[in-house]
Amino acid sequence: MYNIITIARRTIKQLVRDRRTIALILIVPLVIASLIGVSVPDKAILNYTLPAILATLILFFGFLLSGISFLRERYQGTRERLMASPVSRLDIICGYLLGFLLFAMAQTLILFFYTVYVLNVEFRGDLWQIVIFQVLIGILAVCLGIFISAFARNEFQMIQFIPLIIVPQVFICGVLFPIEQLPDYLQWIARFLPLTYGVDGIRGLMLEGKSLAGIGREIAVLSGYAVALMIFAGVSLRRGTA
């Protein structure tokens, strides 16, 4: 546990020193949310679509932040030095996860409270349950970013994974229109994409007033994806340093 906290603390310090990164973490999500709020004048449509867009933004920014930061650790040699030290791969992955998760949670909370109290998006569920579910999406995003970074050699290649991994989910997972309106083969694909369960879960909480127990299936699927991605990240870490 000490090794995990030490790695997380060092990761946090490195990100905090980069003021431009911090500014992007805090400002860019608000700019995008503002544009969405202004571009959708119908309040009913905004109340329906924004929870799904909120889940998408959490997944997108968490994926981008963790992936690029973890990749930077690799080409700066920091990760190799950790691998040479008496620290397990699980400690390394969990340490980075904890460090990146702090910033992903900050983005999540900023986005949520901005959409609710500035854009005046209505919600019916309990606030703390909505926040917990969003944190789960953030954990998934960080795990996904760490895993995918193993297949990129530089930051440009990492960004190229966005159209491959994030963008298709926006069109297939019910963010813009119901999954039931898609062709059968796309509905089948949507069942295997994590954003589908993120969108269903957050809409269930915010629009239908469900509890966390009421979206147990979505929580279980997202948790399973997060655990699997952590395992795959550990395997890719081993292969990348072989």
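Read on for an overview of the structure.

### Points about the packing of aromatic side chains
Line of reasoning, step 1. Counted according to the given criterion, the structure contains nine aromatic pairs.
Line of reasoning, step 2. Ring centres of F112 and F113 lie 5.4 Å apart, and the angle between their planes is 65°; this geometry places the pair in the edge-to-face category.
Line of reasoning, step 3. What makes F112 buried here is its relative accessible area of 0%.
Line of reasoning, step 4. Judged by relative accessible area, which is 32%, F113 ranks as partly exposed.
Line of reasoning, step 5. When the ring of F113 is compared with that of Y117, the centres are 6.0 Å apart and the planes differ by 15°; the resulting orientation is stacked. Taken together, the residues span about one helical turn, with F113 and Y117 both in helix α5 (residues 89-117) at a distance of four residues.

### Details of the packing of helix α3 (residues 43-75) against helix α10 (residues 194-206)
Line of reasoning, step 1. Closest axis-to-axis distance for the α3/α10 pair is 9 Å, and the angle between their directions is 135°. Between α3 and α10, the interaxial angle falls into the category oblique. Read as a crossing pair, α3 and α10 show a hand that is right-handed. Contacts between α3 and α10 involve Y48, T49, P51, A52, L54, A55, T56 and L59 from the first element and L195, G198, V199, I202, R203 and M206 from the second.
Line of reasoning, step 2. Within the contact of α3 with α10, the residues separate by chemical class into 10 nonpolar, three polar and one charged.

### A short note on the nonpolar core
Line of reasoning, step 1. F63, Y96, F133, I146 and I148 are the most contacted members of the largest nonpolar core, which totals 78 residues.
Line of reasoning, step 2. Top element by residues in this core is α3. It accounts for 16 residues.
Line of reasoning, step 3. Apart from the residues lying within four places of it in its own chain, the contact partners of I148 are F63, M158, F161 and I165.

### Digging into α10
Line of reasoning, step 1. Compared with an ideal rise of 1.5 Å per residue, which puts 13 residues at 18 Å, α10 spans 18 Å between its outermost C-alpha atoms and is within 8% of the ideal.
Line of reasoning, step 2. Within α10, 12 of the 13 residues are buried, leaving the element largely enclosed by the surrounding structure.
Line of reasoning, step 3. Burial in α10 covers these residues: P194, L195, T196, Y197, G198, V199, G201, I202, R203, G204, L205 and M206.

### Focus: the side chain of E218
Line of reasoning, step 1. Inspection of the secondary structure puts E218 in helix α11 (residues 216-240).
Line of reasoning, step 2. For E218, a relative accessible area of 10% corresponds to the buried category.
Line of reasoning, step 3. Apart from residues no more than four positions distant in its own chain, E218 is found in contact with F133, Y197, D200 and G201.

### Let's talk about a nonpolar patch on the surface
Line of reasoning, step 1. A cluster of nonpolar side chains, namely L26, I27, V31 and L35, defines an oily patch on the protein surface of about 350 Å² accessible area.
Line of reasoning, step 2. Take V31: it is sitting in helix α2 (residues 19-39).
Line of reasoning, step 3. On the basis of relative accessibility, which here comes to 42%, the residue V31 falls in the partly exposed class.

Definitions and cut-offs
- Residues numbered from 1 in each chain as written.
- Predicted model: local features only at pLDDT ≥ 70, side-chain atom pairs only at ≥ 80, totals over all residues.
- Heavy atoms only, no water.
- Phe/Tyr/Trp six-rings, centres within 6.5 Å; stacked < 30°, edge-to-face > 60°.
- Buried < 20%, exposed > 50% of the residue type's maximum accessible area, 1.4 Å probe, protein only.
- Helix = DSSP H or I, 4+ residues; strand = E, 2+ residues; numbered from the N terminus.
- Axes fitted to C-alpha atoms, helices over the stretch in contact; angles between N-to-C directions.
- Parallel < 35°, antiparallel > 145°, perpendicular 65-115°, else oblique.
- Left-handed = near helix turned anticlockwise from the far one by under 90°.
- Contact = heavy atoms within 4.5 Å.
- Nonpolar A, V, L, I, M, F, W, Y, C, P; charged D, E, K, R; others polar.
- Core = buried A, V, L, I, M, F, W, Y, C linked by side-chain atoms within 4.5 Å.
- Expected span 1.5 Å × (residues − 1).
- Patch = residues over 30% accessible without salt bridge, like charges linked within 9 Å, V, L, I, M, F, W, Y side chains within 5 Å.
- Areas by Shrake-Rupley, 256 points an atom, 1.4 Å probe, with all protein chains shown as cover.
- Salt bridge = Lys/Arg side-chain N within 4 Å of Asp/Glu carboxyl O.

The analysis is restricted to geometry; functional conclusions fall outside its scope.
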